[in-house]
Number of protein chains: 2
Amino acid sequence: MTDPATAYEELKAAGLTLDLTRGKPSSEQLDLSQALLGLPGAGEYRAADDTDTRNYGGLMGLPELREIFAPALQVPVGQLVASNNASLELMHDMLVHALLSPVPGAPTRWVEAGRVAFIAPVPGYDRHYGVCERLGIDLVTVPMTADGPDTDEVERLVADDPSIKGIWCVPKYSNPDGVVYSDEVVRRLASMPTAAPDFRIMWDNAYAVHHLTTDEVEIADVLTLAAESGNPDRPLVFGSTSKITLAGAGVSFFGASQANVDWWVKLTSKKTIGPDKVNHLRHALFLRDTAGLRAHMAAHRELIAPKFAAVDRLLTEAFADTEGVSWTNPKGGYFVSLTVPDGLASEVVRLAKEAGIALTPAGATHPYGKDPQDATIRLAPTLPPLDEIERAMAGVVTCVQLALSRR
Amino acid sequence: MTDPATAYEELKAAGLTLDLTRGKPSSEQLDLSQALLGLPGAGEYRAADDTDTRNYGGLMGLPELREIFAPALQVPVGQLVASNNASLELMHDMLVHALLSPVPGAPTRWVEAGRVAFIAPVPGYDRHYGVCERLGIDLVTVPMTADGPDTDEVERLVADDPSIKGIWCVPKYSNPDGVVYSDEVVRRLASMPTAAPDFRIMWDNAYAVHHLTTDEVEIADVLTLAAESGNPDRPLVFGSTSKITLAGAGVSFFGASQANVDWWVKLTSKKTIGPDKVNHLRHALFLRDTAGLRAHMAAHRELIAPKFAAVDRLLTEAFADTEGVSWTNPKGGYFVSLTVPDGLASEVVRLAKEAGIALTPAGATHPYGKDPQDATIRLAPTLPPLDEIERAMAGVVTCVQLALSRR
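Conventions we followed
Residues numbered from 1 in each chain as written. Chains lettered and ligands numbered in written order. Predicted model: local features only at pLDDT ≥ 70, side-chain atom pairs only at ≥ 80, totals over all residues. Heavy atoms only, no water. Helix = DSSP H or I, 4+ residues; strand = E, 2+ residues; numbered from the N terminus. Rg over C-alpha atoms; globule rule 2.2 N^0.38 Å. Buried < 20%, exposed > 50% of the residue type's maximum accessible area, 1.4 Å probe, protein only. Contact = heavy atoms within 4.5 Å. Buried area = accessible area lost by both parts, 1.4 Å probe. Salt bridge = Lys/Arg side-chain N within 4 Å of Asp/Glu carboxyl O. Polar contact = N/O pair within 3.5 Å; in protein donor to acceptor, adjacent residues only side chain to side chain. Pairing = 2+ DSSP bridges. Phe/Tyr/Trp six-rings, centres within 6.5 Å; stacked < 30°, edge-to-face > 60°. Lys NZ or Arg CZ within 6 Å of the ring centre and 35° of its normal. Axes fitted to C-alpha atoms, helices over the stretch in contact; angles between N-to-C directions. Parallel < 35°, antiparallel > 145°, perpendicular 65-115°, else oblique. Left-handed = near helix turned anticlockwise from the far one by under 90°. Nonpolar A, V, L, I, M, F, W, Y, C, P; charged D, E, K, R; others polar. Least-squares fit on C-alpha atoms with pLDDT ≥ 70 in both. Arc of directions from axis to C-beta.

**Student:** Before we move on, could you go through the overall build of chain A and cite the residues and values that matter?
**Tutor:** Helices and strands together make up the secondary structure of chain A, namely 13 helices and 13 strands. Over its C-alpha trace chain A gives a radius of gyration of 22 Å, about what one expects of a compact globule, namely 22 Å for 407 residues. With the principal axes as the frame, chain A shows a C-alpha extent of 65 × 55 × 35 Å. Burial statistics for chain A: of 407 residues in total, 62% are counted as buried.

Shown next, in the form of structure tokens:
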């Protein structure tokens, strides 16, 4: 084997320009939704209930589209809202609403509550942290386990501190670890006692149908479990078609208890006369039904599963027997999480950058961009073509080997 | 002439179901944008700069679309943002941003400013009031004149009171009076001294190209006048295609100083990865250029000008010589404002409702739904077909006559 320093010099000399930073669909994935670009088609604008989708109105979104997604998101269709193109915006605006108007069950608006904090399981999704940082909501970290957030720790934190108003969750194929929350974790989150009467679970089910294997994993139904525990207003469920149809031109969803939905509709009616219902119709015509959605996601799987397999193969070849180096092999979602010995993650990212391989900054999976262990690297293998994934990962392997050798 | 009471009984007996409540485009107007429903078309997704509009990103919106609207909105294209389907949402979110993060020039976030108040010229647009009412921003009314808000009164209010942080303006073909702000009013609003260093003009140029006559009225350039007066950050310009293309599936715009736009982009980057750029491309392909936009608006004019003419004709026939009854005959926009003697507006609306003619609630043109004179009725003649407009207005005439006879 070439020594790591020489291999790294050769890597730099190759002059690569490769990018594994963000969970973006590839052109081939976007091509799967080619037909959307010509839909609904001239003369097609009536919804199933005869609504003219072109005109104003309809804050809940188009019923036939909500019906397609209600089973996947485990929300009754009457409590599921379809909105514009970004579920991140729905989540952000939900917290804005909570800051400026009391959520059902809240003693005050959160801007009047003094400190407001959310629990952030780590590693997690940088944009969730960004929303809280921007809105002045503190983040309290708890570690992720193979079954979801460390629930003992979550229960301990929320039991006594009424300033902890919520928790961020990506319950299926989590970003970046690919963790699927166990039924027991979901049950405990839904039912645990909280000091805050207005505690909320931000249930970002971003990868509800994004399976990488034919084992189409299911998770427990958080809304039902919460209602059965006497906490019907606790979960706020989010989803979107950003990684199903078109990343920038899809549809987002929000589901919750009727009280939460009524509250949301009342506040949202002050800021918009309704979402883009033509885009809802376009999506309903394209996906057709739950079976159509499932078939469409199988086509995505065929395109991206080989990329994830390549990442796993190259890491296994290099590090199967290396203590301190491990990685996830997720059954769904958009990310592989690579763990290196403490203190090396940012060095690996730096070395990769100098060799023309862009990786997500090492701290991005933690609040405020700071991973105290400096050990987690998030890899996003969907966007580049397979051959680029292979070249990029060979380069990452070289960078990890160099960093290890210099310890 | 039949006596008013008998005429009203006959009107009720006719069993009408007519609606003049909201400024919605008619089906025929929406049909003008039929081609949008099939655009951009399969395989069409590249922007002029080769961006794949289907994927994430591009917070400023598609440049070629912004170029088409920059002249109409009098904003340099580099300072004009194209967003999703609702300019009301842009306005609402702008005030949310200002509440939660200091605007350029602000000493504090507005949530920390104690009282925050906006000036509302009356009569005005109920949804503007709704945004402020929902966000806890007080409304201070000033009367509209034929040239715009009473600028003496505005100058007096803002000179000494730092809690007055802004003013709502619909500067061209105002809702509901159809007033066009004079150059002098625009200049004074842009240059007047304000006690608040973070004073903002919410410049809702909703009807920038919505001419009802071939006299395509122009207004003064508020951004340039403000910059020349040393107040570059004062105006926030808004617009949309809701009444140009598809009311629920259009594109909204925001323009301002570079400092304001940078501030907005920074905050908005925390809530979305970008707007629906496919819809931007769809609109750019459909409208093509400034000339295409102008021709499209001329087609709207042909459809709706006869409806406004019918309203004017029926009111003239009935009330040309009636003291205390007057109405506007606007050169653009979406509304006719009917003024009746003090105390009669809500009675007319009630009589019309009982006869099956829905009118906007009498107080809607004033903050908190209360018109102290109870004299203004907003008529929206775009949605119903011409024959329904004629029947509805004949009914309104009867209701006004009955209300007058009972005084």
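Further notes follow.
**Student:** I'd like a rundown of the interface of chain B and chain A, residues and numbers included.
**Tutor:** In this assembly, 59 residues from chain B lie in contact with 59 residues from chain A. Both faces combined, the contact of chain B with chain A buries some 4700 Å², and carbon together with sulfur accounts for 52% of it. Linking chain B with chain A are 6 salt bridges, by the criterion used here. Here D93 of chain A and K271 of chain B are joined by a salt bridge, their closest N and O atoms 3.3 Å apart. Linking chain B to chain A there are 26 residue pairs in polar contact (both at pLDDT 80 or more). At 8 residues, helix α4 (residues 87-100) of chain B tops the list of elements feeding residues into the side of chain B that touches chain A.

**Student:** Describe the pattern of salt bridges, naming the residues involved and giving the relevant values.
**Tutor:** Across all of its chains, the model carries 46 salt bridges over all chains by this definition. Across the salt bridge formed by D215 of chain B and K331 of chain B, the nearest N and O atoms sit 2.4 Å from each other. Highlighted residues: D215 of chain B in the loop between β7 (200-204) and α8 (222-228) and K331 of chain B in the loop between β10 (326-327) and β11 (336-339), separated in sequence by 116 residues. The class for K331 of chain B is partly exposed, based on a relative accessible area of 38%. Each of the salt bridges in this network shares a partner with another, and the network as a whole consists of E89, D93 and K271 of chain A together with E89, D93 and K271 of chain B.

**Student:** So what's going on with the sheet that holds β11 of chain B? Residues and values would help.
**Tutor:** All names here are of chain B. On the basis of which strands lie adjacent, the open sheet formed by 3 strands has the order β10-β11-β13 and antiparallel pairing. Both edges of this open sheet fall to β10 and β13 (376-379), since each of them pairs with a single strand only. When β11 meets β13, the two strands line up antiparallel, connected through 4 bridges. Looking across to β13, one finds that L338 is bridged to I377.

**Student:** Explain the packing of aromatic side chains to me, and be specific about the residues and the numbers.
**Tutor:** All names here are of chain A. Scanning the model with the defined rule gives 14 aromatic pairs over all chains in all. Measuring from centroid to centroid gives 5.9 Å for W110 and F118, while their planes differ by 65°, and the two rings are edge-to-face. Look at F118 and you get buried, because its relative accessible area is 0%. Taken together through their ring pairs, the aromatic side chains of W110, F118 and W168 make up a single cluster. Between K243 and the ring centre of Y334, over which it is positioned, the NZ or CZ distance is 5.4 Å.

**Student:** Before we move on, could you go through the sheet that holds strand β11 (residues 336-339) of chain A and cite the residues and values that matter?
**Tutor:** All names here are of chain A. The strand order β10-β11-β13 describes an open sheet built from 3 strands, whose pairing is antiparallel. If you trace the sheet from one side to the other, it starts and ends with β10 (326-327) and β13 (376-379), each paired once. Where β10 lies against β11, 2 bridges are found, and the strand directions are antiparallel. The partner of S326 across the bridge, within β11, is T339.

**Student:** I'd like a description of the packing of α4 of chain B against helix α5 (residues 126-135) of chain B, backed by residues and values.
**Tutor:** All names here are of chain B. One way to put it is that α4 packs onto α5 with a least axis distance of 10 Å and a crossing angle of 30°. Regarding the angle of α4 to α5, the classification is roughly parallel. Here α4 and α5 pass one another in a crossing that is right-handed. From α4, L88, M91, H92, L95, V96 and L99 reach across to α5, where they touch R127, H128, V131, C132, R134 and L135. Classifying every residue of the contact of α4 with α5 by side-chain character gives 8 nonpolar, 2 polar and 2 charged.

**Student:** Residues and numbers for the side chain of S240 of chain B, please.
**Tutor:** All names here are of chain B. The residue S240 is located in strand β8 (residues 235-240) in this model. Taking the relative accessible area as the measure of exposure, S240 reaches 14% and is therefore buried. Within the local environment of S240, its side chain forms a polar contact with the backbone nitrogen of S242, the two atoms lying 3.1 Å apart. Once you skip the residues sitting within four places of it in the chain, S240 turns out to touch S87, V251, S252 and F253.

**Student:** Give a detailed account of the relation of the copies chain B and chain A, specifying residues and quantitative values.
**Tutor:** Its rotation angle being 180°, the transformation that places chain B on chain A also includes 0.0 Å of axial translation and leaves an RMSD of 0.0 Å. Considering both components of the superposition, the chain copies are consistent with a two-fold axis. Nearest to the rotation axis, the C-alpha of G38 of chain B is located 2.2 Å from it, this being the minimum over chain B.

**Student:** A description of helix α1 (residues 4-13) of chain B should follow, citing residues and the corresponding values.
**Tutor:** All names here are of chain B. Looking only at α1, the buried set comprises A7, Y8 and L11. Take α1 and look down its axis: the buried residues cluster within an arc of 100°, on one side only. The inward-facing, buried residues of α1 contact α12 (345-354), β12 (357-358) and α13 (386-406). The positive-phi residue at the C-terminal boundary of α1 is G15, with phi of around 60°.

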